[in-house]
Amino acid sequence: MSKSVGAAGQVLGCVGLSRSVGLTTRLATSGEGEVWRTDWPGQVAKLYFNPSRDRIRKLEVMIAHPPADPNAAIGHHSFAWPQALLQNAVGSPVGFLMPEIAHSVGLFDVYNPQRRRTVLPGFNWLYLHVTAMNIASITQAIHAKGYVLGDIKPQNILVNNQALPSVIDTDSFQVRDPSSGQVYRCPVGSEGFTPPELLGCDLAQIDQSEGHDRFRLAVIIHLLLFGDQPFKGVWTGYGDSPDPNQLLSQGHWPYGKTTLIQPGPLTIPLETVHPELQQCFLRCFNEGHRDASLRPSPAEWLRALKLAVADLKACRRVNCHYYSQSYGHCYWCDRKKTLGIDVFPKAALSHQQRQAKNQAAVNTLVKPLQGAAKAAATYIGEHKLQLSLPRSPGSRPQIPSLTLPKRWTLPERWIKYAVTTGIVSTAVITVVLIGKVLMAQDDAESVVFGSLLFVGLLALWPRLVKSSDQSEK
């Protein structure tokens, strides 16, 4: 029989909040405890099987000194930070209350192309850049308060469909008590994310630094932008390729100065990202391989990612392709052509997106005409010209007469030529604009409907002209 520390309907006291909270549904179980949904909307409880005094004291420090949430203004929780200690019926601390991170998926589902296509269709390279940028911002906020994240890994980062990440398992952070100086360490690490200087070390006996987090952050950003670990490629040395930890320990990655691995056939080249990002990766995995102080800080990553996001350009052929203008062309189209692989396939438009696109198409047609009408009205007002449209009972509208100042006049033939030229010019411009809008549509339905409408108007035009001539006769 598996052990359990909580039960549905159990009521726990919240220290410092003068109220209680009830457990409703068990959400997850791990080696150290359980996570429960509570009767407080948007709040969950984490309960420990055997909470030690140091663990409780660590939570007290975190509750008293939370970092500033960079996304608080938009109502998003960037980290599941402890809100209050929870006590059982006899007053013993058993866990803590924290925000629930809902409607999000794990980071693996975001950077893995197959999983992303299933759970986040339409999540393109722009979204991945923004996700990386937000993770750098969150890491910067946590470091600013003196915390070290320690066990940074994809399982501890959740992302919603707006590219807003949230860090969970925050109670595993390294925490320093600002009053006593006591350090509550992060005793765990994950393969592929532990910096080379900590490999093989007992993390429970080491005070970690921000420099260690910088290495982990770089690996996370590499996963998002390139879809794979940096220390991976085609082995060019003697014998079999070393295991991933050995490659990481020795600094073998495709762009190392003395590396023994080369980019594989599916490796996304480093030059596809913005030059500032390239330099950040080179600094971290080359110069910063052994010297943590040379690795880019979260602030430097944030700056480089902002530049990279501003440099991204939408592909004109595939609606989910974005590429760096500094690279010069759409790498994803090239990759699809050469390898037959598209990690950002064309996404079907939702009803709202289609409406917005159709509205944009209408605006493309109407806006130039509105501008021309406004300019004409301004000209007429400035030159005191008058346009009249005389009509008598039973008659059809006549061509507007143009009243000019008495000091000069124009032959009637010239006026007719001017009006005819204006009508023809407007018709040509309209035809060109309609053609551009039709060619910009990605769905066959819009192209077919627009084409039929356009052909129908062309077919109707001679009939209108013939009817007009007959009525004149």
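These numbers come from a predicted model, not from an experiment.

Draft legend 1. View of the nonpolar core. Ranked by size, the top nonpolar core spans 70 residues in total, and within it Trp125, Leu224, Leu225, Phe281, Phe285 and Trp301 carry the most contacts. With ten residues, the single largest contributor to this core is helix 5 (residues 210-226).

Draft legend 2. Main features of the sheet that holds strand 2 (residues 19-29). The strand order 1-2-3-4-6-5 describes a closed barrel built from six strands, whose pairing is antiparallel. Within this sheet the neighbouring strands show an average axis-to-axis angle of 40°, counted without direction. Strand direction decides the pairing type here: strand 1 (residues 11-14) and strand 2, joined by four bridges, are antiparallel. Note on strand 2: the bridge partner recorded for leucine 12 is valine 21. Strand contacts of helix 1 (residues 53-64): strand 4 (43-48), strand 5 (84-87) and strand 6 (93-99), with the helix running at about 140° to strand 5, the strand carrying the most contacts.

Draft legend 3. Representation of the packing of helix 5 against helix 7 (residues 275-287) in the model. Axis separation between helix 5 and helix 7 bottoms out at 10 Å; the angle between their running directions is 135°. It follows that helix 5 is oblique to helix 7 by the angle criterion. When you trace helix 5 past helix 7, the crossing you get is left-handed. Contact with helix 5, carried on its side by Arg214, Phe215, Ala218, Val219, Ile221, His222, Leu225 and Phe226, involves Leu277, Phe281, Cys284 and Phe285 of helix 7 and no other residues of that element. Counted by class, the contact of helix 5 with helix 7 contains ten nonpolar, one polar and one charged residues.

Draft legend 4. Focus on the pattern of salt bridges. Applying the stated rule across the entire model yields 19 salt bridges. As a salt-bridge pair, aspartate 177 and arginine 57 come within 2.7 Å of each other at their nearest N and O atoms. Of this pair, aspartate 177 sits in the loop between strand 10 (175-176) and strand 11 (183-184) while arginine 57 sits in helix 1, placing them 120 residues apart in sequence. For arginine 216, the salt bridge goes to aspartate 213, with nearest N and O atoms at 2.9 Å. In this pair, arginine 216 and aspartate 213 both sit in helix 5, three residues apart, roughly one turn of the helix. Residue class for arginine 216 comes out buried when judged on its relative accessible area of 2%. We classify aspartate 213 as buried; its relative accessible area is 0%. Because the salt bridges share partners, they merge into one network encompassing Glu32, Lys46, Arg55, Asp169 and Asp171.

Draft legend 5. Inspection of the sheet that holds strand 7 (residues 105-106) at higher detail. Across the sheet, three strands lie side by side as 7-8-9; this open sheet has antiparallel pairing. Looking at strand neighbours, the two that pair on one side only are strand 7 and strand 9 (165-167), the edges of this open sheet. Lying on the sheet, helix 4 (residues 125-144) is in contact with strand 8 (157-159) and strand 9; it crosses strand 9 at an angle near 35°.

Draft legend 6. Focus on a nonpolar patch on the surface. Together, Leu266, Leu339 and Ile341 line one region of the surface with nonpolar side chains, adding up to about 240 Å² of accessible area. Mapping leucine 266 onto the fold places it in the loop between strand 13 (261-262) and helix 7.

Draft legend 7. Quick look at the pairing of strand 3 (residues 33-38). Counting buried positions along strand 3 yields five of six residues, so the element is predominantly enclosed. Here five bridges tie strand 2 to strand 3, and the two strands are oriented antiparallel to one another. By the bridge assignment, arginine 26 is partnered in strand 3 with tryptophan 36. Judged from the five bridges that link them, strand 3 and strand 4 form a sheet pairing that is antiparallel. From the neighbouring strand, arginine 37 faces strand 4, where its bridge partner is valine 44.

Draft legend 8. Focus on helix 8 (residues 298-311). Taking 1.5 Å of rise per residue, 14 residues should cover 20 Å, and helix 8 covers 20 Å from first to last C-alpha, within 8% of that figure. Every buried residue of helix 8 is listed here: Pro298, Trp301, Leu302, Ala304, Leu305, Ala308 and Asp311. The secondary structure elements touched by the buried residues of helix 8 are helix 4, helix 5, helix 7, strand 14 (312-314) and strand 15 (322-324).

Draft legend 9. Region of interest: the side chain of aspartate 342. With respect to the helices, strands and loops of the structure, aspartate 342 is situated in the loop between helix 9 (331-339) and helix 10 (351-383). Within the buried core, aspartate 342 has no salt-bridge partner, and the shortest N-O distance to an opposite charge, that of lysine 336, equals 4.2 Å. A distance of 2.9 Å separates polar atoms of two side chains, one belonging to aspartate 342 and the other to histidine 321. Only 3.1 Å separates the side chain of aspartate 342 from the backbone nitrogen of phenylalanine 344, close enough to count as a polar contact. Beyond its immediate stretch of four places on either side in the chain, aspartate 342 contacts Arg117, His321 and Lys336.

Draft legend 10. Quick look at helix 4. Helix length check: helix 4, at 20 residues, gives a terminal C-alpha distance of 29 Å against a target of 28 Å (1.5 Å per residue), a fit within 8%. Within helix 4, 15 of the 20 residues are buried, which leaves it mostly tucked inside the rest of the structure. Where helix 4 starts, the residue carrying a side-chain oxygen 3.0 Å from the main-chain nitrogen of leucine 126 turns out to be asparagine 124. Immediately downstream of helix 4, the backbone of glycine 146 shows phi near 90°, a positive value.

Here is what the cut-offs are and how they apply
In this convention, every chain numbers its residues from 1, walking through the sequence in written order. Confidence filtering applies because this is a predicted model: local features only for residues at pLDDT of at least 70, side-chain atom pairs given and counted only at 80 or more, and all residues used for totals across whole chains, interfaces and linings. Here the side-chain values reflect all heavy atoms present in the structure, with hydrogen atoms and water set aside. Here, the term nonpolar core denotes a set of buried Ala, Val, Leu, Ile, Met, Phe, Trp, Tyr and Cys residues that are joined through side-chain atoms within 4.5 Å. In this scheme, a residue with accessible area under 20% of its type's maximum is buried, one over 50% is exposed, and one in between is partly exposed, where area comes from a 1.4 Å probe on protein chains only. Numbering goes from the N terminus for both helices and strands, where a helix is a DSSP run of H or I of at least four residues and a strand is a run of E of at least two. Here, strands pair whenever DSSP counts at least two bridges between them. Only the stretch in contact is used when a helix axis is fitted, and all axes are lines through C-alpha atoms; the angle between N-to-C directions ranges over 0 to 180 degrees. Here, residues are in contact when the closest pair of their heavy atoms is within 4.5 Å. Any angle between 65 and 115 degrees counts as roughly perpendicular, while under 35 counts as roughly parallel, over 145 as roughly antiparallel, and the rest as oblique. In this scheme the crossing of two helices becomes right-handed for a clockwise turn of the near helix relative to the far one and left-handed for an anticlockwise turn of less than a right angle. Classification used: nonpolar for Ala, Val, Leu, Ile, Met, Phe, Trp, Tyr, Cys and Pro, charged for Asp, Glu, Lys and Arg, polar for all others including Gly. One side-chain nitrogen of Lys or Arg within 4 Å of one carboxyl oxygen of Asp or Glu is enough to make a salt bridge. To count toward a patch, a residue needs a relative accessible area over 30% and no salt bridge; like charges are then connected within 9 Å, while nonpolar side chains (Val, Leu, Ile, Met, Phe, Trp, Tyr) are connected within 5 Å. Per-residue and other accessible areas follow the Shrake-Rupley method at a 1.4 Å probe size, with only the shown protein chains counted as cover for residues. To estimate the expected span of a helix, count its residues, drop one, and scale the result by 1.5 Å. In this count, Lys and Arg are taken as positive residues and Asp and Glu as negative ones, while His and the chain termini are left out. Under the rule applied, a polar contact is a pair of N or O atoms within 3.5 Å (in protein, one hydrogen donor and one hydrogen acceptor; residues adjacent in sequence only if both atoms are side-chain atoms).

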